[in-house]
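Architecture and fold: a report
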Amino acid sequence: WWRSVGATHTGHATETSLDELLEAGGKDALDGRLALLEPESRDAGVLQAVRDLADWGSEAPEGRERGVALHKSFGTYVAQVAEVSVGDDGLPKVHKVWCAVDCGVVVNPNIVRAQVEGSIGYGLGAALYDEVTIEKGGTIKQSNFHDYRSLRIHEMPEVEVAIVPSAEPPTGIGEPGLPPLAPAVANAWRRLTGESVRQLPFSPVKA
């Protein structure tokens with residue numbers, strides 16, 4: 001298990017599936033999600049905030065697409081929009097991530113932003129590269145960072161975080177920023193390339 005535990009894969013499965021269903025029904029990815037929610041709910045609140053933050057509906061730069069995802073974990077609501085192009089290595093290149101978070105009453109806004117930024121970097125590295133393979137006999141193939149790829153500092157996207165004002169009790173912030181990242185990237189990737197992402201990481205480890 002790792003940062004945000006089961007919310008990572010459940011968030012990816014539900015949000016990529018929902019995105020495909022909305023597209024099949026001719027619905028906008030973000031507005032379609034809002035239509036399924038109570039207008040005054042906290043889920044809707046973070047979606048509306050990230051819609052405004054990312055100027056959702058405006059045209060992305062040439063060669064790029066945007067994807068959105070929403071997930072609640074540890075009592076905290078997080079919505080993210082990722083702007084993605086095809087990198088030189090054929091993998092997603094994530095240029096920017098907009099994030100809206102509702103974690104109740106905020107004690108220290110700088111800590112909230114720092115934790116969300118860290119979760120996005122951690123989640124992106126995992127979505128793109130992180131894989132542990134077990135060989136016959138139970139031996140783990142990877143041994144260190146030369147054959148277990150992680151996100152490099154120059155690959156970190158620009159991140160913009162909006163904290164949604166709330167009077168609810170404070171909730172977790174160390175992990176909830178991670179689950180929406182992979183599906184937001186995957187949803188952008190599908191819009192960009194037509195390829196649905198059924199398995200992570202995007203790039204299996206090759207040693």
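Right above here is the structure, for reference.
Residues numbered from 1 in each chain as written. Predicted model: local features only at pLDDT ≥ 70, side-chain atom pairs only at ≥ 80, totals over all residues. Heavy atoms only, no water.

**Digging into the overall build of the chain**
Under the convention used in this document: Where helices and strands are cited, they refer to DSSP runs of H or I of at least four residues and of E of at least two residues respectively, numbered from the N terminus. Radius of gyration here uses only the C-alpha atoms, and the compact-globule reference equals 2.2 Å multiplied by the residue count raised to the power 0.38. Burial classes follow relative accessibility: with a 1.4 Å probe on protein chains only, a residue under 20% of its type's maximum area counts as buried, one over 50% as exposed, and anything between as partly exposed. Between two residues, a contact is recorded if the distance between any of their heavy atoms is within 4.5 Å. Areas reported here follow the Shrake-Rupley algorithm with a probe of radius 1.4 Å; residue values treat only the protein chains shown as occluding.
Within the chain, the regular secondary structure consists of five helices and four strands. Walking the chain from its N terminus toward its C terminus, one meets helices and strands in the order α-α-α-β-β-β-α-β-α. The C-alpha radius of gyration computed for the chain amounts to 17 Å, which stays within 12% of the reference 17 Å derived for 207 residues, consistent with globular compactness. Oriented by its inertia axes, the alpha-carbon framework of the chain measures out at about 55 × 40 × 30 Å. The proportion of buried residues among the 207 residues of the chain is 46%. When contacts within the chain are restricted to residue pairs at least 6 apart in sequence, long-range pairs at least 24 apart make up 66% of them. Split by element, the accessible area of the chain, about 10,500 Å² in all, is 52% carbon and sulfur.

**Here we look at the packing of helix α1 (residues 7-24) against helix α5 (residues 181-193)**
To keep things clear, this is the line we draw: Axis definition: a line fit to C-alpha positions, over the contact stretch in the case of helices; interaxial angles, taken between N-to-C directions, run 0 to 180 degrees. Every angle not falling under 35 degrees, over 145, or within 65 to 115 is termed oblique; those three ranges are roughly parallel, roughly antiparallel and roughly perpendicular. The sense of a crossing depends on the near helix, which, turned anticlockwise from the far helix by less than a right angle, makes the crossing left-handed and, turned clockwise, makes it right-handed. Polar here means any residue outside two lists: the nonpolar Ala, Val, Leu, Ile, Met, Phe, Trp, Tyr, Cys and Pro, and the charged Asp, Glu, Lys and Arg; Gly therefore counts as polar.
Contact geometry of α1 with α5 gives a least axis separation of 8 Å together with a crossing angle of 30 degrees. Considering the angle they form, α1 stands roughly parallel to α5. In this structure, α1 meets α5 at a crossing whose hand is right-handed. Between α1 and α5, the residues in contact are Gly11, His12, Glu15, Thr16, Asp19, Glu20 and Glu23 and Ala182, Pro183, Ala186, Asn187 and Arg190, respectively. The residue makeup of the contact of α1 with α5, split by class, is three nonpolar, four polar and five charged.

**Here we look at the packing of aromatic side chains**
Put simply, the test is: Ring geometry is summarised as follows: Phe, Tyr and Trp rings, the Trp one being its six-membered ring, pair when their centres sit within 6.5 Å, and such pairs are stacked at plane angles under 30 degrees, edge-to-face over 60 and tilted between the two.
For the coordinates displayed, the defined rule picks out two aromatic pairs. Relative to Tyr148, the ring of Phe145 has its centre 6.5 Å away and its plane inclined at 50 degrees; by these criteria the two rings are tilted. Ring geometry for Trp189 versus Phe202: centroids 6.0 Å apart, planes at 80 degrees, classification edge-to-face. Placement of Trp189 in helix α5 and of Phe202 in the segment after α5 is noted, with a sequence separation of 13 residues between them. Grouping residues by exposure puts Trp189 and Phe202 together as buried.

**Some thoughts on the pattern of salt bridges**
Definition in use: Any carboxyl oxygen of Asp or Glu within 4 Å of a side-chain nitrogen of Lys or Arg constitutes a salt bridge here.
The full count for this structure, using the stated rule, is 14 salt bridges. With a shortest N-O distance of 2.9 Å, Arg42 and Asp102 are connected by a salt bridge. Taken as a pair, Arg42 in helix α3 (residues 42-54) and Asp102 in strand β3 (residues 92-102) lie far apart in primary sequence, 60 residues in all. Connected through salt bridges with shared partners, the residues Glu15, Asp19, Glu23, Arg33 and Arg190 form a single ionic network.

**Examining the side chain of Lys96**
What counts, and what does not: Residues adjacent in sequence count toward polar contacts only when both atoms are side-chain atoms; beyond that, a polar contact is any pair of N or O atoms within 3.5 Å, and within protein one must be able to donate a hydrogen and the other to accept it.
Mapped onto the fold, Lys96 is located in strand β3. Given the relative accessible area of 13%, Lys96 is considered buried. Among the polar contacts made by the side chain of Lys96, one reaches the side chain of Glu158 at a distance of 3.4 Å. Leaving out residues up to four positions away in the same chain, Lys96 has contacts with Val81, Ala82, Glu83, Pro157, Glu158 and Glu160.

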